[in-house]
Amino acid sequence: MGVPGLWDLLRPAGERRSLANLAIVDGFENNVKGFRGLRIGIDASIWFYHAAYGREGENPELRTLFFRCSRLLGIPLLPLFVFDGPKRPSIKRNKKISGKAHWLTDGMKNIIEAFGFEWHLAPGEAEAELAFLNRTGVIDAVLSDDVDTFVFGGKMVVRNPNGSLSGNRPHATSGSSSKDDGNHAVIFRASEFSKPEIDLTHGGLILIALLSGGDYHQAGLSGCGPKVAHGLAKCGFGDSLLSAARTLSREGLQEFLVTWKQDLAEELRTNSRGILGRKLGSLSKAIPEEFPDIDILMSYANPITSETEGKVHRIKLNWERPLDLGRIAHICELYFEWGVRHVIIKRFRTVIWPAAVFRFLRESVLEKDPQNANGPYLSATAQPSESQPPSSSPATSTAASLSHLQIGSSSICQQLILKIRLSRNHDSTDGLLEYRLEVSPERLVALATAGIKDIRPPLIADICSSDDTSDSDKRTKKPPPDPSSNLRVWVAASIVRTAMPSLVDSYEEGAKRKASKKSTRAKPMIRSEAIDEGTPTIQEDPEEPQKREPRPRPNLKTFYPVTKPEEHTSKSPDVHHRDDRLTSGGRSKILSLIDNLAATDTSQRGMVSPPTTANKGGSSITGKSTRQTVDKEKQPQLPYKVPVHPGPATRPTPAPKPPQLRGPTSGPQDTTSNDIIEISSDSDEGQLVPNRTKPMVAPLLIARSRRRGQSQAPDDIIDLT
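Here the structure is a predicted model, which means the values were calculated and not measured. (Residues numbered from 1 in each chain as written. Predicted model: local features only at pLDDT ≥ 70, side-chain atom pairs only at ≥ 80, totals over all residues. Heavy atoms only, no water.)

Novice: What am I meant to see in the packing of helix H16 (residues 353-368) against helix H19 (residues 442-449) here?
Specialist: Two numbers describe a pair of packed helices, the interaxial angle and the distance between the axes. Look at H16 against H19: their axes get within 11 Å of each other, and the N-to-C directions meet at 100°. One way to sum up the angle between H16 and H19 is to call them roughly perpendicular. Across from Trp353, Ala356 and Phe360 in H16, the residues of H19 making contact are Leu444, Val445, Leu447 and Ala448. Across the contact of H16 with H19, the residue classes break down as seven nonpolar, no polar and no charged. (Axes fitted to C-alpha atoms, helices over the stretch in contact; angles between N-to-C directions. Helix = DSSP H or I, 4+ residues; strand = E, 2+ residues; numbered from the N terminus. Parallel < 35°, antiparallel > 145°, perpendicular 65-115°, else oblique. Contact = heavy atoms within 4.5 Å. Nonpolar A, V, L, I, M, F, W, Y, C, P; charged D, E, K, R; others polar.)

Structure (structure tokens):
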């Protein structure tokens, strides 16, 4: 619909924006003329055209209109629906238009009033009336997918964000997440058309509609497309044509068109201004004598509106129509097959209640605004206006019940809103701060059920589903929530703060306390670069951070001392010297445990005798080891004994190779008894150790001797090194 190709020419002027952000920032926060909302006009005939595609349920056209109004209610806008009047053009899009009202008009008006929206009957075409209302400031913008609003002189158009429209499919409107969420639209302002890539005026738009074709004459000038029409509009032919249409009489306009047409043909033939890009001689010769049609020109330049009819004084829009929940419920009962009590309340929970919270918050703010002289919307003494329903309607009964319960907007908000749960900055509102309110819908349920008359019988489908449902289905299906249970609704923070500042203050104080608790919690200690406790921690400069060196791995020798045999040296037997064994790992640990065990036992019992050497004809076996003899007669009896090595009779073993000794060796060594053992350790070197029985020592010694291939004779000397 409209002028083909014109949206593509105007696309550089478009601004992608969230509808909620537009309504809250430009409407509620800026508070133009004290209305606390963005006033937006809608062409009802376009909605009728879309509703014709409804195919579901009873009254599918009204069903489509109902749910579209429900969605519009969820956006904080102040809609004004404009209907075509009796003086609209008789032919449009090559179709004859009757002067009668559309058959959906009455039902649509009923729905509009129930939702608290405004409607207006234009004297002529609705698009021209909307452009006039927008130009004069009665409304802030026009919600439409028809570009003719600018051709009629409109200032701001919010292009319909519906993705199913054919014009929106190639250029889907998405948010910052690059998804077409249905919450964003493209905003066009006529003030942006002065950009170099567009360079169009109101007269230029009318010229493009005449050359490219429009609703009144779809053919236009044969062979002239949008680009050629755009070039001619930049040459100024549209401005001169519009000026003549508004100032000259019909006869004077005909004379002007003769000269104007000659200039137009000359520019097409010569391209003297260099804007067209090339010469179009054939097109200049194809201009017909009757171009342009004066009636079509006047339909764009001077359409029939309330201004031309002198009915501006009849436009009284106070935007004070209240949201009537009882009447909405009664409409559902009248028109839709699901219009029974429990189904209505169930659907209202997700469709109506969130939007109703915003409407009550806005009314609460209007009561507090000093510039609002109208006072609260609902009062006991309020008289119904001409546009309001009769006294017997559900709307009046609901208003009376509100007044009786002393529910002003402020008091009902206090009953509805319990607390603030969360806050967010979401893509659907272009990052606008929102609060998630916990709402108690008991009052809303009461207002809605007050208008239900129970004129429909119970739904058969519901009865069958409740009787025939199996136990497995009952377990898998989640039961619907209680209609009176609390729900949570996202509302813009600026609206909540203005309506209920104490609620917001308490929430923010709680948020600050939580933040302070998190900040005062003990932070995990940063490990210093010191290796042991004696090393001070290195303080790093925050301006010049130092590169941390990798932490060194601990040396196992620090925890498990390892000794190794050395060459025989002539040292005094009482000199204590520790062997540094080359072994490592578990082997060194076993040796160390044996040495420590012997040292601990000897030092605790105090049975150390002076060292005695018993080398008879030979040197010691190792440089560090000494022979220690224990006199069993002089030694006190111990509570336990350790058999040093079992004899051949008890545990025979094959004779291994003689051990390879590092020092000089001697012949067969003479021992006094089988109680002679040789110990190589730090604490027991040169000391006598009595016989003891510790079950874990002897097997270790035996295993040690076996690995070294030593003899298992009971009188042999065992070398632990």
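Novice: Help me understand the pairing of strand E2 (residues 38-43) in this model?
Specialist: Side chains on a regular strand alternate between the two faces of the sheet. Among the six residues that make up E2, six are buried, leaving the element largely enclosed by the rest of the structure. Residues Leu38, Ile40 and Ile42 of E2 are buried on one face, and the alternating residues Arg39, Gly41 and Asp43, pointing to the opposite face, are buried as well. Examined bridge by bridge, E2 and strand E7 (residues 141-144) share three bridges and lie parallel to one another. Across the sheet, Ile42 pairs through a bridge with Leu143, a residue of E7. (Buried < 20%, exposed > 50% of the residue type's maximum accessible area, 1.4 Å probe, protein only. Pairing = 2+ DSSP bridges.)

Novice: What exactly am I supposed to notice about the sheet that holds strand E11 (residues 433-439) here?
Specialist: Hydrogen bonds along the backbone pair up the strands of a sheet, which may run parallel or antiparallel. Pairing in this open sheet of three strands is antiparallel, and the strands run E10-E11-E12 from one edge to the other. The outermost strands of the open sheet, each flanked by one partner alone, are strand E10 (417-425) and strand E12 (487-492). Within this sheet the neighbouring strands show an average axis-to-axis angle of 30°, counted without direction. Across the sheet, helix H23 (residues 501-520) is in contact with E10 and E11; its angle to E10 comes to roughly 60°.

Novice: Help me out: how do you make sense of the nonpolar core in this one?
Specialist: One finds Phe81, Phe348, Leu361 and Leu437 to be the most contacted residues of the largest nonpolar core, which totals 84 residues. With eight residues, the single largest contributor to this core is H16. Setting aside residues up to four positions removed in sequence, Phe348 forms contacts with Phe66, Leu325, Ile328, Ala329, Cys332, Trp353 and Ala448. (Core = buried A, V, L, I, M, F, W, Y, C linked by side-chain atoms within 4.5 Å.)

Novice: Could you clarify how one ought to interpret the pattern of salt bridges in this entry?
Specialist: Oppositely charged side chains are able to pair whenever their charged atoms sit close together. Considering all chains together, one arrives at 25 salt bridges under this definition. A salt bridge links Arg456 to Glu58; the nearest nitrogen and oxygen atoms lie 3.0 Å apart. Of this pair, Arg456 sits in the loop between H19 and helix H20 (460-468) while Glu58 sits in the loop between helix H3 (44-51) and helix H4 (60-74), placing them 398 residues apart in sequence. Taking the relative accessible area as the measure of exposure, Arg456 reaches 24% and is therefore partly exposed. Across the pair Glu337 and Arg63 runs a salt bridge whose closest N-O atoms are separated by 3.6 Å. You can see Glu337 sitting in the loop between helix H14 (325-335) and helix H15 (341-351) and its partner Arg63 sitting in helix H4, a full 274 residues away along the chain. With relative accessibility at 30%, the residue Glu337 sits in the partly exposed group. A network of salt bridges, in which partner residues are shared, links Glu15, Arg17, Asp26 and Arg189. (Salt bridge = Lys/Arg side-chain N within 4 Å of Asp/Glu carboxyl O.)

Novice: What exactly am I supposed to notice about H4 here?
Specialist: Since one α-helical turn is 3.6 residues long, residues separated by three or four positions face the same way. The end-to-end C-alpha distance of H4 is 21 Å, a good match for the 21 Å that 15 residues give at a rise of 1.5 Å each. Buried residues dominate H4, accounting for eleven of its 15 residues. Listing the buried residues of H4 in full gives Pro60, Glu61, Leu62, Arg63, Leu65, Phe66, Arg68, Cys69, Ser70, Leu72 and Leu73. (Expected span 1.5 Å × (residues − 1).)

Novice: Looking at this model, I keep getting lost on the pairing of strand E9 (residues 184-189). Mind explaining?
Specialist: In this sheet, E9 lies alongside strand E1 (residues 15-18) in antiparallel orientation, the contact comprising four bridges. Looking across to E9, one finds that Ser18 is bridged to His184. Where strand E8 (residues 156-159) and E9 come together, three bridges link them in antiparallel fashion. Its bridge partner being in E9, Met156 is matched across the sheet by Arg189.

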